[in-house]
Structure formats: structure tokens, C-alpha cells
Amino acid sequence: MTDLSEFTQADELAELKAAHGRALRALAKREQATSELVTAVYQAAGDAARAMAIPPVTAPKKDKRKQNPEAAILLLSDWQWGKITPTYNSEVAAKRVALLSEKVKTLVEIQRAEHPVRELHIHLLGDLVEGEDIFPGQAHLIDSGLYSQMFGAAEALAKLVREMLGYFEKVKVVGVIGNHGRIGRRGVSRPETNADAMMYRIAKMAVGDEKRLEWPETFTQGERHWYAVDNILGKRWFLFHGDQVGGGFAGFPWYGFGKKLSGWRASVAEFDYSVGAHFHTPTRMYLNGLTHWNGGSIESTNTYAMEQLASAGEPCQWLLFQHSEGVTAEYLVRLK
């Protein structure tokens with residue numbers, strides 16, 4: 001006579017094995033879909049770049065003045081391209097990026113009245129695309145899918161970079177990736193697979209082959225490219241997105257930033273200044289000899305922030321200036 005308990009255990013084991021097999025097949029299918037998306041994006045970007053005859057940007061007249069030169073530093077953060085709010089969508093985003101470009105040129109002229117500003121460093125701080133499936137219900141809060149978000153944001157970024165190449169003798173673009181660039185929920189795709197990084201690559205292709213442009217790849221094999229270091233006139237700048245920082249009060253983790261930055265200076269890299277994003281709160285803080293700027297967002301009327309955090313930010317981005325001694329000026333460029 002067959003022992004019923006033995007039959008039940010064997011049956012449960014078989015079911016567990018079957019469930020495990022189904023899970024592995026589903027995971028493989030999801031990873032294949034992700035891989036296909038990444039391949040399709042890069043293929044489309046490469047085809048578009050090869051099909052376009054991209055003319056070189058005419059270099060500006062060289063500034064031969066002998067005064068101590070400054071470099072301009074533009075922080076691009078949290079465009080959330082594709083997101084919809086009562087006053088924000090992809091069309092509004094494009095207009096605000098174009099407005100930002102014009103305001104940067106106006107503010108640079110103010111600095112140039114006193115001394116040369118020959119180079120621009122653009123820091124891409126992540127979440128320039130909104131994503132489409134990183135939290136439940138996100139599909140109802142976007143006006144386009146991830147593919148369109150990447151190409152829309154890339155077009156705007158490429159236009160901005162090309163305009164700046166016509167205004168500065170040298171432009172350098174350094175980027176890190178944000179959490180909204182994830183392909184799906186946390187842990188589903190490989191950590192280096194990120195829509196921010198793909199969008200940056202597309203934008204770089206669209207800019208064309210420019211000798212006065214330096215744009216290192218935003219990629220770390222098998223890892224999330226979560227930080228970068230940029231050397232500007234002898235000062236080292238530490239870039240990260242900001243979702244690594246937790247804790248705090250009223251939606252902004254002041255203590256968390258102090259703890260993280262202190263630890264990163266000791267364990268990751270030496271740096272003189274730091275910049276981040278993620279919280280949509282334009283902030284400058286001084287932490288034990290280190291100045292940190294946290295970027296704003298170009299979105300507006302974030303109803304989630306209004307309801308849950310009782311906070312309503314304004315569309316803005318930072319523009320900083322630095323010479324060999326350190327930072328000399330800072331502008332919060334408002335884009336409403």
C-alpha cells in the first residue's frame with residue numbers, strides 16, 4: 001500500500017520543479033525581450049546616424065585674452081522625458097530644453113564680459129527619460145513608450161550639445177545613469193542595461209564626429225555606471241544620480257547626503273565638488289569642506305509630490321562657473 005504522505009511529498013516536489021521551470025522560462029523570455037530592445041535601439045540609432053549627413057559645427061572665434069579663464073558647468077538632471085502632468089509632457093520638455101540653451105548663452109555672456117569662458121562641461125545626472133514599467137501604474141502617466149522617449153530626449157540633447165559646440169571652443173559631456181532608465185522593475189534586467197545610457201549614445205551619434213567634443217561612454221560591463229569623475233581646470237567633480245541616498249526629513253535626506261559623500265570620498269574617489277539629482281530639489285549644501293549641488297527637474301506640477309510630500313518644484317537646471325581656484329558663480333536657470 002502506498003504511503004499517502006510519500007505521494008503528497010513527491011507530488012509537491014514535482015510541482016515545485018514545474019514551477020521552477022516555468023519561472024526560468026519566463027525569466028529567459030523577459031531577458032530575451034530586453035536584449036532585443038537594446039539591440040533594436042542601437043541598430044536604429046546606427047542606421048539613422050549613417051543615413052544622416054551631419055555637417056560639422058562651425059567653431060566660435062577663439063578668445064585670446066590672458067585673464068584667468070573659467071569653465072562653465074551645466075547640470076542636466078531629471079528631464080523625465082515622456083512623463084505627463086497637468087503642465088508637462090514631451091512637447092513641453094523639448095521647449096524647455098531649447099529655452100535652457102538660450103539662457104545658458106545669455107548667462108555665459110555675462111561671465112565673458114570679465115574673463116574668458118572657453119569650455120563647457122555638461123554633466124548628465126540621470127533620469128532624463130521617464131521609463132515605462134519601473135513602478136505599478138506608470139503606463140498611465142506617460143505620453144510615449146520607452147523607445148520614443150529615448151529618441152525624443154536624444155534629439156533634444158544632441159541639439160543642445162551642437163549649439164554649445166558653436167558657442168564654446170571645447171565641450172565635454174560626462175554622464176551617469178538614473179533609476180528611471182531601468183528596463184522594467186528592479187532586478188529584472190542586467191544592471192548596465194539602462195535607457196539613460198542608450199539615450200546618451202544615440203545623442204552622441206546624432207551630434208556627429210566633432211573633434212572639439214569629448215564624450216566618454218556611460219557604460220560599465222556587468223555593473224550599473226552609477227558614478228563618474230570629471231576633472232575641470234584641476235578640480236575633481238564627483239557625479240552620481242542620487243537614488244543611492246536614503247533617509248532624511250520632508251522628502252530630502254540631508255543627513256543621508258552627508259554620510260554618503262563622506263564615505264565615497266574615503267572609499268571610491270577623491271573629489272573637490274559633487275553633483276547629484278533624483279530629488280527634483282535644486283539645492284546647494286556645504287558638508288565638511290565639500291560643496292554639493294543637487295539638480296532640479298524640468299518637469300512641473302508633479303501631483304504625486306504635491307499630495308505625498310506637500311512639495312511643488314519649479315522647472316530649473318543649474319549652471320555653474322569655475323576657474324583654477326574653484327567655483328566662482330552659480331545660476332539656477334528657471335525654465336517655467
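Treat the numbers as computed from the prediction; the structure is a model and nothing was measured.

The rules behind each value
Residues numbered from 1 in each chain as written. Predicted model: local features only at pLDDT ≥ 70, side-chain atom pairs only at ≥ 80, totals over all residues. Heavy atoms only, no water. Pairing = 2+ DSSP bridges. Helix = DSSP H or I, 4+ residues; strand = E, 2+ residues; numbered from the N terminus. Axes fitted to C-alpha atoms, helices over the stretch in contact; angles between N-to-C directions. Contact = heavy atoms within 4.5 Å. Parallel < 35°, antiparallel > 145°, perpendicular 65-115°, else oblique. Left-handed = near helix turned anticlockwise from the far one by under 90°. Polar contact = N/O pair within 3.5 Å; in protein donor to acceptor, adjacent residues only side chain to side chain. Buried < 20%, exposed > 50% of the residue type's maximum accessible area, 1.4 Å probe, protein only.

Chemist: I'd like to hear about the sheet that holds strand E7 (residues 273-276), residue by residue, with values.
Modeler: Read from one edge of the open sheet, five strands run E5-E6-E7-E9-E8, paired in mixed fashion. Bordering the open sheet on either side are strand E5 (227-232) and strand E8 (283-287), each of which pairs with just one other strand. Averaged over all pairs of adjacent strands, the angle between their axes in this sheet comes to 20 degrees, without regard to strand direction. Packed onto the sheet, helix H5 (residues 254-267) meets strand E6 (235-240), E7, E8 and strand E9 (290-294) and runs at close to 55 degrees relative to E8.

Chemist: Explain the pairing of E6 to me, and be specific about the residues and the numbers.
Modeler: Looking along a regular strand, one sees the side chains alternate between the two faces of the sheet. Sheet topology note: the E5/E6 ladder contains six bridges and is antiparallel. Pairing of Ala228 across the sheet is with Leu239, part of E6. Joining the antiparallel neighbours E5 and E6 is a turn of two residues, in which Leu233 adopts a positive phi near 50 degrees. Sheet analysis places E6 next to E7, joined by three bridges and oriented parallel. Residue pairing for E7: Trp237 is matched across the bridge by Tyr273.

Chemist: Would you mind going over the packing of helix H3 (residues 146-165) against helix H4 (residues 195-207) in detail, with residue names and values included?
Modeler: It is at 8 Å that the axes of H3 and H4 come closest, and there the two elements cross at 45 degrees. Looking at the two axes, H3 sits oblique to H4. Where H3 crosses over H4, the handedness of that crossing is right-handed. In this structure, H3 uses Leu146, Met150, Phe151, Ala153, Ala154, Leu157, Ala158, Val161, Arg162 and Leu165 to contact H4, whose residues at the interface are Ala195, Met198, Met199, Tyr200, Ile202, Ala203, Ala206 and Val207.

Chemist: Which residues make up the side chain of His292, and what are the values?
Modeler: For His292, the location among the structural elements is in strand E9. Within the structure, His292 has its side chain in polar contact with the side chain of Ser274 (distance 2.7 Å). A polar contact of 3.0 Å, which involves the side chain of His292, links it to the side chain of Asn294. Residues in contact with His292, not counting those within four places in the same chain, are Phe240, Phe257, Leu261, Ser274, Val275, Gly276, Thr283, Arg284 and Met285.

Chemist: How would you explain the environment of Arg334 if you had to name every residue and give the values?
Modeler: Checked against the element boundaries, Arg334 lands in strand E11 (residues 326-334). It is 6.1 Å that separates the C-alpha atoms of Arg334 and Pro315, two residues lying 19 residues apart in sequence. Discounting residues that sit within four places of it in the chain, Arg334 has contacts with Lys103, Glu314, Pro315 and Cys316.

Chemist: Describe unusual backbone geometry, with residues and values.
Modeler: A positive phi angle, close to 50 degrees, is found at Leu233, a residue other than glycine. Counting through the fold element by element, Leu233 comes out in the loop between E5 and E6. Residue Leu233 is classed as partly exposed on the basis of its relative accessible area, which comes to 30%.

Chemist: Would you mind going over the sheet that holds strand E10 (residues 316-323) in detail, with residue names and values included?
Modeler: The mixed open sheet is built from six strands, whose spatial order is E4-E3-E2-E1-E10-E11. In this open sheet, the two strands that pair with only one neighbour each are strand E4 (213-214) and E11. Direction of pairing for strand E1 (residues 70-76) relative to E10: antiparallel, over a ladder of five bridges. In the sheet register, Ala71 faces E10, and the bridge partner there is Gln322. Across the sheet, H3 is in contact with E1, strand E2 (117-124), strand E3 (170-175) and E4; its angle to E2 comes to roughly 165 degrees.

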